[in-house]
Amino acid sequence: MELARKLEDNLAYLEAELGLEESFDIVSRRLTVAGREAALIFVDGFAKDQVLLRLLQILQGLTPDKVAPQPIQKLLAQYIGYIEVDTVDSLEDIPKQVLAGPVVLIIDGQREAIVIDAREYPARGPEEPDIERVTRGSRDGFTETLVFNTALIRRRVRDPKLRVELQQAGKRSLSDIAVVYIKDIADPGLVKLIKERLKAVDIDGLPMAEKSVEEFLTLGTWNPFPEVRYTERPDVAAVHILEGHVLILVDTSPSAIIAPATLFHHVQHAEEFRQNPLVGAYLRWVRFFGVAASLIVTPLWLLFALHPEVVPAALKFIGPQKLGKVPLFFQFVFAELGLDLVRMAAIHTPSALATALGIIAAFMIGDFASKVGLVIPEVVVYMAIAAVGTFATPSYEFGMAVRLCRLALLILVGAWGGTGLAAGLIGLFILLTATKSFNVPYLWPLLPWDGAALWDIFLRRPIPVKRFRPRALHPQDPDRLPPRADNT
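I will try to describe carefully the structure that is included in this document. (Residues numbered from 1 in each chain as written. Predicted model: local features only at pLDDT ≥ 70, side-chain atom pairs only at ≥ 80, totals over all residues. Heavy atoms only, no water.)

## Things to note about the overall build of the protein chain
At step 1: The helix and strand inventory of the protein chain stands at 16 helices and 12 strands.
At step 2: Relative to the globule expectation of 23 Å for 488 residues, the C-alpha radius of gyration of the protein chain, 29 Å, shows a markedly less compact shape.
At step 3: Taken over the C-alpha atoms alone, the protein chain extends approximately 100 × 65 × 40 Å along its principal axes.
At step 4: For the protein chain, buried positions account for 47% of its 488 residues.
At step 5: Of the contacts formed within the protein chain by residues at least 6 apart in sequence, a portion of 65% connects residues at least 24 apart.
At step 6: Of the roughly 25400 Å² that the protein chain leaves accessible, carbon and sulfur atoms contribute 61%.
At step 7: Each charge sign in the protein chain was given a centre, from 51 positive and 56 negative side chains, and these centres are 7 Å apart. (Helix = DSSP H or I, 4+ residues; strand = E, 2+ residues; numbered from the N terminus. Rg over C-alpha atoms; globule rule 2.2 N^0.38 Å. Buried < 20%, exposed > 50% of the residue type's maximum accessible area, 1.4 Å probe, protein only. Contact = heavy atoms within 4.5 Å. Areas by Shrake-Rupley, 256 points an atom, 1.4 Å probe, with all protein chains shown as cover. Lys, Arg positive; Asp, Glu negative; His and termini not counted. Charge placed at Lys NZ, Arg CZ, Asp CG, Glu CD.)

## Points about the sheet that holds strand E5 (residues 113–116)
At step 1: Judged by pairing direction, the sheet is antiparallel, and its five strands sit side by side in the order E1-E2-E4-E5-E3 without closing on themselves. Since the sheet does not close on itself, it has two edges, and those belong to strand E1 (26–33) and strand E3 (85–88), each with one partner. Along the sheet, successive strands turn relative to each other by an average axial angle of 25°, direction set aside.
At step 2: In this structure, E3 lies alongside E5, joined through four bridges in antiparallel fashion. Note on E5: the bridge partner recorded for Asp86 is Val115. (Pairing = 2+ DSSP bridges. Axes fitted to C-alpha atoms, helices over the stretch in contact; angles between N-to-C directions.)

## Observations concerning the side chain of Ser175
At step 1: Topologically, Ser175 is positioned in strand E7 (residues 175–182).
At step 2: Side chain to side chain, Ser175 and Ser173 meet in a polar contact 3.0 Å long.
At step 3: Setting aside residues up to four positions removed in sequence, Ser175 forms contacts with Gln167, Gln168, Ala169 and Leu206. (Polar contact = N/O pair within 3.5 Å; in protein donor to acceptor, adjacent residues only side chain to side chain.)

## What to know about the packing of helix H11 (residues 277–306) against helix H14 (residues 377–390)
At step 1: For the pair H11 and H14, the least separation of the axes is 7 Å and the interaxial angle reads 155°. With respect to H14, the axis of H11 lies roughly antiparallel. In the packing of H11 onto H14, the handedness of the crossing is left-handed. Across from Gly290, Val291, Ser294, Val297, Thr298 and Trp301 in H11, the residues of H14 making contact are Glu378, Val379, Tyr382, Met383, Ala386, Gly389 and Thr390.
At step 2: In terms of residue class, the contact of H11 with H14 is built from seven nonpolar, five polar and one charged. (Parallel < 35°, antiparallel > 145°, perpendicular 65-115°, else oblique. Left-handed = near helix turned anticlockwise from the far one by under 90°. Nonpolar A, V, L, I, M, F, W, Y, C, P; charged D, E, K, R; others polar.)

## Observations regarding helix H7 (residues 188–199)
In an α-helix, one turn spans 3.6 residues; hence positions three or four apart end up facing the same way.
At step 1: End to end, H7 covers 16 Å across 12 residues, agreeing with the expected 16 Å (1.5 Å per residue, within 8%).
At step 2: Three or more residues of H7 are buried, namely Leu190, Val191, Leu193, Ile194 and Leu198. For H7, the angular spread of buried residues about the axis comes to 160°, placing them on one side. The exposed residues of H7 that point more than 90 degrees off its buried face are Lys192 and Lys199.
At step 3: Buried residues in H7 make contact with strand E6 (162–169), E7, helix H8 (210–217), strand E9 (246–250) and strand E10 (256–259).
At step 4: Between the side-chain oxygen at the start of H7 and the backbone nitrogen of Gly189 there is a gap of 3.2 Å, and the oxygen is on Asp187. (Expected span 1.5 Å × (residues − 1). Arc of directions from axis to C-beta.)

## Observations regarding the pairing of strand E2 (residues 36–43)
At step 1: Within E2, six of the eight residues are buried, leaving the element largely enclosed by the surrounding structure.
At step 2: Following E1, the chain reverses through two residues before pairing antiparallel with E2; Ala34 in that reversal takes a positive phi of roughly 55°.
At step 3: By the bridge criterion, four bridges tie E2 to strand E4 (residues 103–107) in an arrangement that is antiparallel. In the strand pairing of E4, Leu40 is matched with Leu105.

## Here's the deal with the packing of aromatic side chains
At step 1: Per the stated rule, a full pass over the model turns up 10 aromatic pairs.
At step 2: Measuring from centroid to centroid gives 5.2 Å for Phe288 and Phe458, while their planes differ by 65°, and the two rings are edge-to-face. With Phe288 in helix H11 and Phe458 in helix H16 (residues 451–459), this residue pair connects regions lying 170 residues apart in the sequence. (Phe/Tyr/Trp six-rings, centres within 6.5 Å; stacked < 30°, edge-to-face > 60°.)

## Some remarks on unusual backbone geometry
Across residues other than glycine, the phi torsion is negative in most instances, and most of the peptide bonds are trans.
At step 1: In this structure, Pro260 follows Ala259 across a cis peptide bond, with omega equal to -5°.
At step 2: Counting through the fold element by element, Pro260 comes out in the loop between E10 and helix H10 (270–273).
At step 3: In the Ramachandran plot, Asn439 falls in the positive-phi region, its phi being about 70° despite a non-glycine side chain.
At step 4: Here Asn439 is to be found in the loop between strand E11 (436–437) and strand E12 (440–441).

## Looking at the packing of helix H6 (residues 146–156) against helix H9 (residues 234–243)
At step 1: Taken N-terminus to C-terminus, the directions of H6 and H9 make an angle of 60°; their axes are 9 Å apart at the nearest point. Classified by the interaxial angle, the pair formed by H6 and H9 is oblique. Both H6 and H9 take part in a crossing whose hand is right-handed. In this structure, H6 uses Leu152, Ile153 and Arg156 to contact H9, whose residues at the interface are Pro234, Asp235, Ala238 and Ile241.
At step 2: Class assignment for the residues of the contact of H6 with H9 results in five nonpolar, no polar and two charged.

## Regarding the environment of Lys171
At step 1: Note on placement: Lys171 falls in the loop between E6 and E7.
At step 2: The spacing of Lys171 and Gly205 is 34 residues in sequence and 6.1 Å in space, taken between C-alpha atoms.
At step 3: Each residue touching Lys171, except ones within four places of it in the same chain, is listed here: Asp202, Ile203 and Asp204.

## Considerations on the environment of Cys405
At step 1: On the secondary structure map, Cys405 appears in helix H15 (residues 396–434).
At step 2: Judged by its relative accessible area of 12%, Cys405 is buried.
At step 3: Note: C-alpha distance between Cys405 and Ile296 (109 residues apart in sequence) is 9.4 Å.
At step 4: With residues up to four places along the chain from it excluded, the contact list for Cys405 reads Phe225, Leu295 and Leu428.

## Describing the pairing of E9
At step 1: The buried fraction of E9 is high, at five of five residues.
At step 2: Side chains of E9 alternate between two faces, with Val246, Ile248 and Val250 and Leu247 and Leu249 buried alike.
At step 3: Of the pairings in the sheet, the one linking E7 to E9 comprises four bridges and is antiparallel in character. Looking at E9, one finds that Val180 is bridged to Leu247.
At step 4: Alignment of E9 against E10, held across four bridges, turns out to be antiparallel. Looking at E10, one finds that Val246 is bridged to Ala259.

Next comes the structure, spelled out in structure tokens:
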């Protein structure tokens, strides 16, 4: 629908669409521009007051001869001294522009409206993410404002081939989504696949931002293992872009989606690259051990406790010294559920009371449960080991998947003993083998085997010797370093 010649007709349409008289924060400022009736339409709280004040002073001082014979072109070229301006000739596009934040100027008798991007979103400053803290390194992190996040990435990647393509999804929310990649590195097929899946999003709104987008990107499977990785650190995002990954940024979210992501991406942390390579390799091995212990320690101990005949003579000390009043299997189930309850309570507890909650959970509930026989001390110890291992990974989503798998293994051991544990581990391996992240095998470089890449994951080699980008990403430019003088 084109703009009407009469200003009142256009305002009548906007009144029906935007509720100019119903919503107090949708402002229609009537004014006279060069002898013509005009209106500024904007959302109160999004527009910069100083910019609007200066704009009004300029527009109201114009006379008809200054803008003749083409008012819109003259205003854009000489009088609206703002950086981001554009025109729109569709009346249906104006509500979308206004609700996104820009100011729209409509002039009587003109079939085009002027869009002035003088918006300023409520935003917090970049702060270090809570989950991905490092001992040494940058302290900035993504925020809820999309343009801030893209600026943090461009500050680190000044490649002219870096592309930030904007899309919208959600019929009512019209959420802004940015697809970020380096054009001559990222696999064009991967970029095309991601953009096609984003275009296929057909829903009323995306109020949960990146999580809702992820479920559309990964086609909403029930697989607990995350097929993308989240990060709130712009340096981590920049590293993955340079490797050939694609980032998806969603407005109102401080997290960037990294695609694709394998299992080994979820157990790497920025701290490893902020330390000496040998120290970083040591930290990585400790993290691998913690994640593995989180998965297998409690089911294995339960198996040894229920079936002491399978325990080697050298490990006889592992079994419980005495049994409680509750069967061991239910003790572990109660402990698992109790751990999750404490975690959820900690999330919803004000910071000032978090310490008190920890004291109550550790000393009062835990100690009392042990004394009355609800759980034996060994169960508390091994559940503590499992809990610490779960939080050893910077990927919260991967940690929750490991926790669900651990609970499933506990149930299988309680029901069928060693056979249940073996079946559970085999089933878990099959699940991981069958999982793919945007056509990249989840267990790469273990399956399919890539010895050089696997060695790089387990050792954390120095940056100057990491010559190649991950082959599984099919980068257009596989070399990160120039060829050596000896052509090797």
